[in-house]
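# Coordinate analysis (summary)
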Amino acid sequence: MSTLQTHVKFWQIARVVVGAAVLVVLAYTYSLGAGTAERNPFNYFGYFTNLTALLTASLLVVAGTFGVTRWARHDCIVVARAVSTTCMVIVGVIYNTLVPGTGSAPAWVSVTLHLVLPAFIVLDWIAGPGRRTLPWSRVWWVLPYPIAWAAVVLLRGATDGWVPYGFLLPSRGLVSLVVHVAGLLAALTAVGVLVWWTSRLPQVISEEQPGLTPS
């Protein structure tokens, strides 16, 4: 096996291991909420961090399992990885700069979800196999998922009163809600543009190299 093939295999295994580990962490943290409101899956995964980590970890397992086959390099998979990278950057930046140390989860869980996972996702996007240049016309794809999340959260806040973050409380008023949601979407768009730009960087591994032709 060549050095390049070994590198590809390493990334495949790393994706599966990290993805599976994050799923275990999420399951463990969920189990700690027994007898509390967090035991409700709609509450637990109502947190942007938890839901994004769940989707990202699942995508890592899929990408690692299928490696650099044509299916794994399909536009939908690559764009999903780009959107996942964008959202995890937002998770890491907002938590570590604006609300560090908050939440009831053990400290090591917060470090895993807000620092380790985002760092790995960025590294995987830049250095891992399977990346391809993304057309600028698709950069808006970073918005549907967070918009859907925000819509559900605001609807719940207006009906049953539950919101994952204090700045989304209906009692803060419509102007505050609009400003915070608009700010979040603007930040996601800015990071998305950066992620789309990095898709144009030279790949560490090109699947077109001898011995790495997708099957």
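Before reading further, recall that the structure is shown in the block above.
Residues numbered from 1 in each chain as written. Predicted model: local features only at pLDDT ≥ 70, side-chain atom pairs only at ≥ 80, totals over all residues. Heavy atoms only, no water.

## Structural notes on helix 6 (residues 144-159)
Taking 1.5 Å per residue as the helical rise, helix 6 with its 16 residues ought to reach 22 Å, and the 22 Å between its terminal C-alpha atoms agrees with that figure. Three or more residues of helix 6 are buried, namely Pro 146, Trp 149, Ala 150, Val 153, Arg 156 and Gly 157. Take helix 6 and look down its axis: the buried residues cluster within an arc of 130°, on one side only. Opposite the buried face of helix 6, at more than 90 degrees from it, the exposed residues are Val 152, Leu 155, Ala 158 and Thr 159. Packing partners of the buried residues in helix 6 comprise helix 2 (41-44), helix 3 (48-66) and helix 7 (174-198). Immediately downstream of helix 6, the backbone of Gly 161 shows phi near 85°, a positive value. (Helix = DSSP H or I, 4+ residues; strand = E, 2+ residues; numbered from the N terminus. Expected span 1.5 Å × (residues − 1). Buried < 20%, exposed > 50% of the residue type's maximum accessible area, 1.4 Å probe, protein only. Arc of directions from axis to C-beta. Contact = heavy atoms within 4.5 Å.)

## Section: the packing of helix 6 against helix 7
Here helix 6 crosses helix 7 at 160°, and the two axes come no closer than 11 Å. As judged from the angle between their axes, helix 6 and helix 7 are roughly antiparallel. Considering only the axes of helix 6 and helix 7, their crossing is right-handed. Contact with helix 6, carried on its side by Pro 146, Ile 147, Trp 149, Ala 150 and Leu 154, involves Leu 177, Val 181, Leu 184, Leu 185 and Leu 188 of helix 7 and no other residues of that element. For the contact of helix 6 with helix 7, the per-class residue count stands at 10 nonpolar, no polar and no charged. (Axes fitted to C-alpha atoms, helices over the stretch in contact; angles between N-to-C directions. Parallel < 35°, antiparallel > 145°, perpendicular 65-115°, else oblique. Left-handed = near helix turned anticlockwise from the far one by under 90°. Nonpolar A, V, L, I, M, F, W, Y, C, P; charged D, E, K, R; others polar.)

## Observations concerning the nonpolar core
Residues Val 22, Leu 113, Leu 117, Leu 134, Trp 149, Leu 168 and Trp 196 are the most contacted members of the largest nonpolar core, which totals 40 residues. Breaking this core down by element, the ones donating at least two residues are helix 1 (3-31), helix 3, helix 4 (75-98), helix 5 (107-127), helix 6 and helix 7. Broken down by element, the residue count for this core peaks at eight residues, all from helix 4. Discounting residues that sit within four places of it in the chain, Leu 134 has contacts with Val 78, Val 79, Ala 82, Trp 125, Trp 196, Ser 199 and Arg 200. (Core = buried A, V, L, I, M, F, W, Y, C linked by side-chain atoms within 4.5 Å.)

## Considerations on the environment of Trp 162
Mapped onto the fold, Trp 162 is located in the loop between helix 6 and helix 7. Judged by relative accessible area, Trp 162 falls into the buried class, the value being 15%. Counting along the chain gives 116 residues from Trp 162 to Gly 46, while the straight-line C-alpha distance between them is 9.4 Å.

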